[in-house]
Amino acid sequence: MYLTFDDGPSQQTKRILDILKKEDVKATFFVIGHTDDFSKKMYRRIVKEGHTLGMHSYSHIYSELYKSTASFEKDVEKIQNYLQKVTGVTPVYYRFPGGSSYSGLPNPIQDYIQVLNDRGISYIDWNVVDGGNTGKRVKKKELIANVVNGVSAFSTSIVQMHDSSDKTATADVLPEMIKELKQKEYELLPISSETTPVRHVE
């Protein structure tokens, strides 16, 4: 199974990285573009500590990002080149804001997928969510149960969580969540070329 975090980096990213280091677990971070020194430090730390650095667009502004395939390609190129410049590693995994099943696109999703294919980028969706991004207050036990129960339904589970600045609950529950997953003998891995991709739309 794969723990993934969207929308960072933020102070929550630092908290999560500290927890993952303590628990000796590797994960995947689908990041957006920030130019401040703290964010650059987080990008580098993600790579240095053996996690997978993925892309979640540069702007994360849907109306700009998805306006056309040309605007999408420009954004993809911007985030990929930026992360390569900051970390020395060229990211090759992408998570569409909204997922590949996002319905608010002016063009078919396959047109945007082709942009990624042409650049050798693999897109990754999810089949388990912790529920911390609904805008509703979710009890900590419920967040853990959503993941622990959710992964039991799949041979390969990709869990979507968030590490944006306003999503504090994920980091709050992560130690206990990892403990329960380890007790159930799940193998927690970073996304790699050996991962079977989960995709809402092929």
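Please read these numbers as outputs of a predicted model, since none were measured by experiment.

Under the counting rule described, the total for this entry stands at 13 aromatic pairs. Where Y58 meets Y82, the ring centres are 5.9 Å apart and the plane angle is 75°; that geometry is what we call edge-to-face. A residue pair is termed long-range when its members are at least 10 positions apart, and Y58 in the loop between β3 (52-55) and α3 (62-65) and Y82 in helix α4 (residues 69-87) qualify at 24 residues. According to the relative accessible area criterion, Y82 is buried, its value standing at 13%. Taken together, the ring pairs connect Y62, Y66, F72, Y94, F96, Y102, Y112 and Y123 into an aromatic cluster. Here K78 stacks its cationic end above the ring of Y58, 4.3 Å away from the centre of that ring.

What follows is about the side chain of T28. Structurally, T28 can be placed in strand β2 (residues 28-31). For T28, a relative accessible area of 0% puts it in the buried group. A distance of 2.9 Å separates a polar atom in the side chain of T28 from the backbone nitrogen of I191.

The next point concerns the nonpolar core. Core analysis: the largest hydrophobic core is formed by 50 residues, its most contacted members being L3, F72, F96 and L174. Other than its neighbours up to four places away in sequence, L174 contacts L3, F5, I16, I19, L20 and M161. Membership of the second largest hydrophobic core comes to eight residues, among which are Y93, W126, I191 and V198.

Turning to the pattern of salt bridges, a few remarks are in order. Enumeration according to the criterion identifies eight salt bridges in this entry. A salt bridge links K14 to D18, with the shortest nitrogen-to-oxygen separation between them at 3.3 Å. With a gap of four residues between them, K14 and D18 both fall in helix α1 (residues 11-23), about one helical turn apart. Using a relative accessible area of 35% as the deciding quantity, one classes K14 as partly exposed. A relative accessible area of 32% places D18 in the partly exposed class. Ionic pairing is found between E23 and K182, a salt bridge with its closest N-O pair at 3.5 Å. Of this pair, E23 sits in helix α1 while K182 sits in helix α7 (residues 169-183), and the two are 159 residues apart along the sequence. What emerges from the salt-bridge pattern is a single network uniting K14, D18, R45 and E49.

What counts as what
- Residues numbered from 1 in each chain as written.
- Predicted model: local features only at pLDDT ≥ 70, side-chain atom pairs only at ≥ 80, totals over all residues.
- Heavy atoms only, no water.
- Phe/Tyr/Trp six-rings, centres within 6.5 Å; stacked < 30°, edge-to-face > 60°.
- Helix = DSSP H or I, 4+ residues; strand = E, 2+ residues; numbered from the N terminus.
- Buried < 20%, exposed > 50% of the residue type's maximum accessible area, 1.4 Å probe, protein only.
- Lys NZ or Arg CZ within 6 Å of the ring centre and 35° of its normal.
- Polar contact = N/O pair within 3.5 Å; in protein donor to acceptor, adjacent residues only side chain to side chain.
- Core = buried A, V, L, I, M, F, W, Y, C linked by side-chain atoms within 4.5 Å.
- Contact = heavy atoms within 4.5 Å.
- Salt bridge = Lys/Arg side-chain N within 4 Å of Asp/Glu carboxyl O.

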